[in-house]
Amino acid sequence: MAKISFLNGEFIEHSKAMVHIDDRAMQFADSIYEVTLVHNNKLIDGELHWQRLINSLEKMKIRINYTVKQLDDFAQQLIRQNDIVTGSLYVQITRGVAPRNQLLPENIKPTVIMTISEFKLPVAEILDKAVKTISQPDIRWQMCDVKSTGLLIGSLYKQKAADANCDDVIMLRDNVVTECCFSNIFIVKNQQLITHPLDNHILAGITRHRIIELTKQIDIKVIERKFKFDELLEADEVFSSSTTTFVRPIHIVDNQMIKDGATGRVTRELFNSYLKFVQST
Ligand code: PLP
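Residues numbered from 1 in each chain as written. Predicted model: local features only at pLDDT ≥ 70, side-chain atom pairs only at ≥ 80, totals over all residues. Heavy atoms only, no water.

J.: Any details on the overall build of the protein chain? Residues and values, ideally.
T.: Looking only at helices and strands, one finds seven helices and 16 strands in the protein chain. Principal-axis analysis of the C-alpha atoms gives the protein chain an extent of 55 × 40 × 35 Å. Among the 281 residues that make up the protein chain, the fraction classed as buried is 51%. Considering only contacts within the protein chain whose residues lie at least 6 apart along the sequence, 73% involve residues at least 24 apart. Surface exposure of the protein chain reaches about 13,900 Å², of which carbon and sulfur atoms provide 52%. Mean positive and mean negative side-chain charge positions of the protein chain (34 and 35 charges, respectively) differ by 1 Å. (Helix = DSSP H or I, 4+ residues; strand = E, 2+ residues; numbered from the N terminus. Buried < 20%, exposed > 50% of the residue type's maximum accessible area, 1.4 Å probe, protein only. Contact = heavy atoms within 4.5 Å. Areas by Shrake-Rupley, 256 points an atom, 1.4 Å probe, with all protein chains shown as cover. Lys, Arg positive; Asp, Glu negative; His and termini not counted. Charge placed at Lys NZ, Arg CZ, Asp CG, Glu CD.)

J.: I'd like a description of the nonpolar core, backed by residues and values.
T.: Formed by 25 residues in total, the largest nonpolar core has its most connected members in W50, L53, L57, L89, I93 and M114. Listed by contribution, the elements that provide at least two residues to this core are β1 (4–7), β3 (31–39), α2 (46–60), α3 (68–81), β5 (87–94) and β6 (111–118). Core analysis: the second largest hydrophobic core is formed by 23 residues, F119, I218, V266 and L270 among them. (Core = buried A, V, L, I, M, F, W, Y, C linked by side-chain atoms within 4.5 Å.)

J.: Before we move on, could you go through the packing of helix α5 (residues 206–214) against helix α7 (residues 265–279) and cite the residues and values that matter?
T.: Two elements in contact, α5 and α7, have axes whose closest approach is 10 Å; the angle formed by their N-to-C orientations is 105°. One finds that α5 runs roughly perpendicular with respect to α7. Where α5 approaches α7, its residues T207, R210, I211 and L214 are matched on the opposing element by L270, S273, Y274 and F277. Looking at the contact of α5 with α7 residue by residue, the classes come out as five nonpolar, two polar and one charged. (Axes fitted to C-alpha atoms, helices over the stretch in contact; angles between N-to-C directions. Parallel < 35°, antiparallel > 145°, perpendicular 65-115°, else oblique. Nonpolar A, V, L, I, M, F, W, Y, C, P; charged D, E, K, R; others polar.)

J.: Give me the site of the ligand: which residues, what numbers.
T.: In the region of the ligand, 16 residues are neighbours, and R52, E179, I206, T207 and T243 sit closest. Contact distances for the ligand include 2.5 Å between a nitrogen atom and a side-chain N or O atom of E179. The side chain of T207 places a nitrogen or oxygen atom 2.6 Å from an oxygen atom of the ligand. Burial of the ligand by the protein amounts to 92% of the accessible area it has alone, namely 390 Å². (Near = heavy atom within 4 Å. Polar contact = N/O pair within 3.5 Å; in protein donor to acceptor, adjacent residues only side chain to side chain.)

J.: So what about the sheet that holds strand β2 (residues 10–13)? Which residues, and what values?
T.: Strand order in the open sheet formed by six strands is β2-β1-β6-β5-β3-β4, and the pairing between neighbours is antiparallel. Of all the strands in the sheet, the pair left with one neighbour each is β2 and β4 (42–43). Where β5 meets β6, eight bridges bridge the pair, whose relative direction is antiparallel. The residue bridging V91 from the neighbouring strand is M114, located in β6. Across the face of the sheet, α2 comes into contact with β3, β4, β5 and β6 while running at roughly 180° to β3. (Pairing = 2+ DSSP bridges.)

J.: Pulling in residues and values, what's your account of the packing of aromatic side chains?
T.: Applying the stated rule across the entire model yields nine aromatic pairs. An angle of 35° between the planes, with centres 5.8 Å apart, marks the rings of Y33 and Y90 as tilted. On the criterion of sequence distance, the pair formed by Y33 in strand β3 and Y90 in strand β5 is long-range, its members being 57 residues apart. For Y33, a relative accessible area of 9% translates into the label buried. Judged by centre distance (5.1 Å) and plane angle (80°), the ring pair of Y66 and F74 falls under edge-to-face. Of the residues examined, F74 reaches a relative accessible area of 14% and is grouped as buried. (Phe/Tyr/Trp six-rings, centres within 6.5 Å; stacked < 30°, edge-to-face > 60°.)

Given below as structure tokens:
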């Protein structure tokens, strides 16, 4: 069965879904996106993902003609047409097509894209695989709360990590730990879970939000505050979170082991509770 994608109100064969070369996503990365997990044919935390998409659109001053209900209906149709039980839904909205000009064009029609791919839920065994990282300065822009497709720093850093035989980069802004390339980051110290507060220096991860909710079921306090790199190196546990990686332990940073280098209890519990949350949706 040929893969079907959504483009500007139409469901078409993926290989035939084309966007114009003057689309502002090409010249200015003038577009935003969302990645949402699908399980049992349903969007996981769909409402929160749609709300974040609306927030990103508002911050970028992109106006769309669709309501959230319509976008959600399109997504449901795409899930059905591709017969996806467990997958990841990618939604991208660009400002639209216009001759190249730095000023924002008026009366422009946004390009709306949705694609869907099969996805395998992570299994607990991945918690036993050593995850190595390196640290790098966070040189991204100051609007990291917008889920922009301007992802080049994350991508270059991901490659830098791979070239150093590592899995990810931990980014530091003035020595404060912000995020990994494509995920939020948490540390555990003395039974407290600490993560960067929501502001313009991080993306408001939906998995981050769900994890904070899930900690209410276990005996651990969450503190949303800035923490420095030294604090991370001294932590009992470090993990990252995202829609596609769930809860992922971090064992090594710049060749230094976190605690004894093993995945800690809190990371395991949160991975399991997040997996249960997804499976029960
Ligand atoms: N931070 C960044 C920079 C990201 O790119 C992502 C996901 O793509 C996240 C955090 C995690 O967000 P979510 O949990 O909504 O997937």
